[in-house]
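# Structural overview for review
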Amino acid sequence: MQVTRRQFFKLTAGGMAGSTIAALGFTPGQALADVRAYKLQRATETRNNCPYCSVGCGVLMYSLGDGAKNAIPSIYHIEGDPDHPVSRGSLCPKGAGLVDFIHSANRLKYPEYRAPGSDKWQRISWHDALTRIAGLMKADRDANFIEKNTDGVTVNRWLTTGFLAASASSNETGILTQKVTRSLGILALDAQARVCHAPTVSALATTFGRGGMTNTWVDIRNADFILVMGGNAAEAHPVGFKWAIEAKRTRGARLVVVDPRFNRTAAVADLYVPIRAGSDIAFLGGVINWLIANDKIQWEYVKSYTNASLIVGDGYSFDDGLFSGFDAGHGKYDRSGWQYALDENGQARRDPSLQDPRCVWNLMKAHYSRYTPEVVSNITGTPKDAFLQVCAMLGATSARDKVGTILYALGWTQHTTGTQNIRTMAMIQLLLGNIGMPGGGVNALRGHSNIQGLSDLGLLSTSLPGYLVLPTDKQTDYATYISQSTPKPVQAGQLNYWGNTPKFFVSLMKWFWGDNATAANNWGFDWLPKWDKSYDVLQAMELMHQGKMNGYICQGFNPIAAFPDKNKTVASLSKLKFLVTIDPLATETAAFWQNHGEQNDVDTASIRTEVFRLPSTCFAEEDGAIVNSSRWLQWHWKGANPPGEARPDQEIMAELFVALRELYRKDGGKAPEPILNLAWPYRDPLNPTPEELAKEMNGRALADIPDPKNPGQFLAKKGEQIPGFAALQDDGSTMCACWIFAGSWTQAGNQMARRDNADTGLGNTPGWAWAWPANRRILYNRASCDPAGKPWDPARQLIKWNGEKWVGADVPDFKIDEAPDTAMSPFIMNNEGVGRLFAVDKMADGPFPEHYEPMESPIGTNPLHPKVVSSPAVRLFADDRARMGVHTDFPYVGTTYRLTEHFLFWTKNSRLNAIMQPEQFVEIGEALAKEKGISQGDTVKLSSKRGFIKAKAVVTRRIKALQVNGQTVHQIGIPLHWGFEGATQKGFITNTLAPFVGDVNTQTPEYKSFLVNLEKA
Ligand code: SF4
């Protein structure tokens, strides 16, 4: 009798000894004699990074095929890279399932086309697809391009075709996308950052000077106290979160979670504190009030390194929910009064004693005095004693030798008050002296693997690379733009690094238009599109919905799943003339015209949109760099060829651009100059290499660049890669596509490919990859020392002044030879040199964060100021106002999130992840389930004013009802990951429910708090 190996083990596991089986007549000799060769014996190992989240874990990919001419490599095993300083060999369930992503049955292999009204795909050649797309684009651009606005200003913008940029593709794809789209005049250019972390950039850059996560994943281990609020790091960033556990294990750090749900992070926390979704500013404003009232302030830090002592001008006030300058007719603030009082030299006046009633300190103190513990508890539903416990733990980190950190993600960003949620915490960390400190900071846990990179590269409607801002149509000429974009110091002796803006901008223009950008034509300033308003994704969809957009190109993006109000998104796409998707996987967006019953109930025949579905490579099939949340640019290598005819994104972008350029060359057309003059110096114009593009991002000398400190010497000779951004010039003698990446590929080679994981102290590994800016790992690290240059905490010595210069384990974030006794302060990007408690005029909704209710409020009032319930400066389109629900019809708070086993809408295509989380569900608290007669596993229908989804009910104790303003508020948790494509069971698109309204400052949609109704289906 023969048995298989599997049957044999099943039998022995059943309790029978092998001898007994033999005695019964079984003879499994063949199975027992099997000897398997070592799985990786003949494999080729290639280093790469997990493409899902921003932890950026290292992976080793193993392929067969030895590189011989006719051998085709295929990846058959992936494991964690043990050398990687963050992941150290770990992978979460998503990373562990990467082989299934590469070989997913839903990988696209050939370009496909859907004709207007058709119900099927048909195969098409690359040439035919790209020729047709280029023709459609040119026809639309020529018909709708705006060369001058009604004031006669040259604006060169094309608003009727939009572009969504991929957030997991490499920097090299990103920068080429920037070059092509801007040369065409596209303003409706956006990336995933718009729907995730845009508020992070706006909040952190306003407060500290740069918009990135301040510290690093590994540095979390140096914290004494870790607050996780507005995020769920154990679930969404599992491998990065291990450094929080390391802090607990090695130094007894306390971990506190404040969240609407008792989530997976809470499961390992020392304290879990519930909160109502959308009430974070009330909580954090209460913390500020408590810290001031209880004197838990790092006073020397606050007085020296923040704007507490600066005096605010008379134009600023706050009264009953409104800041000064509100224009009710337009729903906007005039921010001109939110300024410092200046002296006769244009410098901000100061009162170091903090006695002046108009100094920032006293205005802030008065503003938050309303946020008493009772008020906090009433608005948030958080029990008062739990709130006070958090205050006490945070307050303890005001000591010089105690440091606390905050880990947050989309639980803060995705609100109409998203930017201000983060601002409030940034202010708290300044008050506690925790910025610049090892173990401290405000740690924005970015989502996608390269959304940090895409933000850095300016793939957002009004941005340019390196956080330069695209000119507006009010900046009618180059001189006006430069003067308005270059801040002047408002405190003497400050570095004011943005003062170098002309050097960054001119070098960027030399990258765009090469020799055609000259001083005589203002470096091609006219060729850039000028904006009149933000064409963010909500605005683009609104225009599409109004029939004012004709074309849309989605590169690695699935908007019908990712944008709010899915039914509106589908209706909008249905009005397009053409839609192009570029993706490794089949997406719902590409198939938006298909009827999938209740899950996508459309009339296919009436949808006249032409759709092109173009297959691209995935991470494993390309070289390039992605930027993790800690701002590390990590280079990765190709391990296999893509399936079928799939192509790298750069190749697709290049071929499309070259086809368009040929059309303009041959046939002429509207405003051809920015296209025909674009620098395209690539060896193969149809396929720029990642190396060529990466070198352009670093920047190159176009002439010899003299070293001002050493006459006769040069910072770089003509043709050389520049060593760093300090070498950039504003006279056209340097080119650089992204000034903050300068230093990443120097004459010494590709710094992003470095793999030295030696620890230089406190877990710093400066020899691993390369971090912007200047390979600095912890931002604002000058503030880890006291004004005299000595570390506040000798046990956390990161840098210090050695009498001649700043030295230490990290690259100092300061002028290297600037002695501590000068006036220069640590926040070198800010024109005051200090951290901003008062945001001056940088925020659209007030210099101090204020609690406003979500647009759909479960209590229908604002207990702080009932006349101003939600943010008065919110942008809400007329049709969407009619699609907002009220709490009497939709009484429960819905909040969306993701799960460890899935990454948004990709991993549902990967078999392993589909097995782990196969079916859509929602989480309902026990009390609500009882009230509604819903049992575990029932199918329920969840509706908002915009549509409904159906899912299985998970009845849980993890979500408890809260008492808010005298009423009971139930919250419902809604994971995101399902749709009508993929290897999981089919499901509804969760964002059918979310409202079409965004953060006041950045328009990131309010996915985290909206109103729903619940019934048993
Ligand atoms: S999803 Fe994030 S935590 Fe998980 S393996 Fe990938 S990079 Fe690491």
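This structure is a prediction, so every number in the text was calculated from the model and none was measured. (Residues numbered from 1 in each chain as written. Predicted model: local features only at pLDDT ≥ 70, side-chain atom pairs only at ≥ 80, totals over all residues. Heavy atoms only, no water.)

## Quick look at the overall build of the protein chain
The helix and strand inventory of the protein chain stands at 29 helices and 42 strands. What you see for the protein chain is a C-alpha radius of gyration of 28 Å, in line with the 31 Å of a compact globule of 1017 residues. The principal-axis extents of the C-alpha atoms in the protein chain amount to approximately 100 × 70 × 60 Å. By residue count, 65% of the 1017 residues in the protein chain fall in the buried class. Pairs at least 24 apart in sequence give 73% of the contacts found in the protein chain among residues at least 6 apart. Surface accessibility of the protein chain: about 33800 Å² in total, with carbon and sulfur atoms responsible for 51%. Across the protein chain, the mean location of the 105 positive side-chain charges is 3 Å away from that of the 100 negative side-chain charges. (Helix = DSSP H or I, 4+ residues; strand = E, 2+ residues; numbered from the N terminus. Rg over C-alpha atoms; globule rule 2.2 N^0.38 Å. Buried < 20%, exposed > 50% of the residue type's maximum accessible area, 1.4 Å probe, protein only. Contact = heavy atoms within 4.5 Å. Areas by Shrake-Rupley, 256 points an atom, 1.4 Å probe, with all protein chains shown as cover. Lys, Arg positive; Asp, Glu negative; His and termini not counted. Charge placed at Lys NZ, Arg CZ, Asp CG, Glu CD.)

## So, unusual backbone geometry
Here Trp-772 and Pro-773 are connected by a cis peptide whose omega angle stands at -10°. For Pro-773, the position within the fold is in the loop between strand S32 (770-771) and strand S33 (799-801). Phi is positive for Arg-88, close to 45°, though the residue is something other than glycine. Its relative accessible area of 49% is what places Arg-88 among the partly exposed residues. Unlike most non-glycine residues, Asp-295 shows phi in positive territory, near 55°. Here Asp-295 shows up in the loop between helix H11 (280-293) and helix H12 (299-305). Taking the relative accessible area as the measure of exposure, Asp-295 reaches 48% and is therefore partly exposed.

## Comments concerning the pattern of salt bridges
Under the defined criterion, the tally for this structure stands at 47 salt bridges. Here Arg-210 ties to Asp-813 by a salt bridge, and the two come within 2.8 Å at their closest N and O atoms. A residue pair is termed long-range when its members are at least 10 positions apart, and Arg-210 in the loop between helix H8 (198-208) and strand S10 (225-229) and Asp-813 in the loop between strand S34 (806-808) and helix H27 (878-881) qualify at 603 residues. Of the two residues, Arg-210 and Asp-813, both sit in the buried class. With a shortest N-O distance of 3.9 Å, Glu-926 and Arg-957 are connected by a salt bridge. Of this pair, Glu-926 sits in helix H29 (residues 926-932) while Arg-957 sits in the loop between strand S38 (947-956) and strand S39 (962-964), placing them 31 residues apart in sequence. (Salt bridge = Lys/Arg side-chain N within 4 Å of Asp/Glu carboxyl O.)

## Remarks on the side chain of Gln-452
With respect to the helices and strands, the residue Gln-452 is situated in helix H18 (residues 451-456). For Gln-452, a relative accessible area of 1% gives the class buried. In contact with Gln-452, not counting residues within four places along its chain, are Arg-446, Tyr-467, Val-627, Asn-628, Ser-629 and Trp-772.

## What to know about the site of the ligand
Inspection of the region around the ligand gives Cys-50, Tyr-52, Cys-53, Val-55, Gly-56, Cys-57, Leu-91, Cys-92, Lys-94, Gly-95, Pro-238 and Val-239 as its neighbouring residues. When residues of the shell around the ligand are traced back to their parent elements, those giving at least two are helix H4 (93-96) and helix H10 (238-251). (Near = heavy atom within 4 Å.)

## Section: the packing of helix H7 (residues 171-184) against helix H20 (residues 501-513)
Running from N to C, H7 and H20 point in directions that differ by 80°, and their axes come no closer than 10 Å. By the criterion of interaxial angle, the relationship of H7 to H20 is roughly perpendicular. On H20, the residues that touch Ile-175, Gln-178, Lys-179, Arg-182 and Ser-183 of H7 are Trp-511, Phe-512 and Trp-513. Tallied by class, residues from the contact of H7 with H20 come to four nonpolar, two polar and two charged. (Axes fitted to C-alpha atoms, helices over the stretch in contact; angles between N-to-C directions. Parallel < 35°, antiparallel > 145°, perpendicular 65-115°, else oblique. Nonpolar A, V, L, I, M, F, W, Y, C, P; charged D, E, K, R; others polar.)

## Regarding the environment of Met-697
You can see Met-697 is positioned in helix H26 (residues 690-698). Taking relative accessible area as the criterion, Met-697 reaches 1% and is therefore assigned buried. Sequence spacing of Met-697 and Gly-743 is 46 residues, and the spatial spacing of their C-alpha atoms is 9.3 Å. Aside from chain neighbours lying at most four places away, what touches Met-697 is Asn-171, Glu-172, Ile-175, Leu-457, Cys-736, Ala-737, Cys-738, Phe-741 and Ala-742.

## Considering the layout of surface pockets
Its boundaries defined by the atoms lining it, the second largest pocket holds a volume of some 270 Å³. Partitioning the lining of the second largest pocket into residue classes produces nine nonpolar, seven polar and four charged. (1 Å grid on protein atoms, 1.4 Å probe; cavity = no way out; pocket = protein on both sides within 12 Å on 5 of 7 lines; lining within 4 Å. Points joined across faces, edges and corners; volume = space filled by probe spheres on them.)

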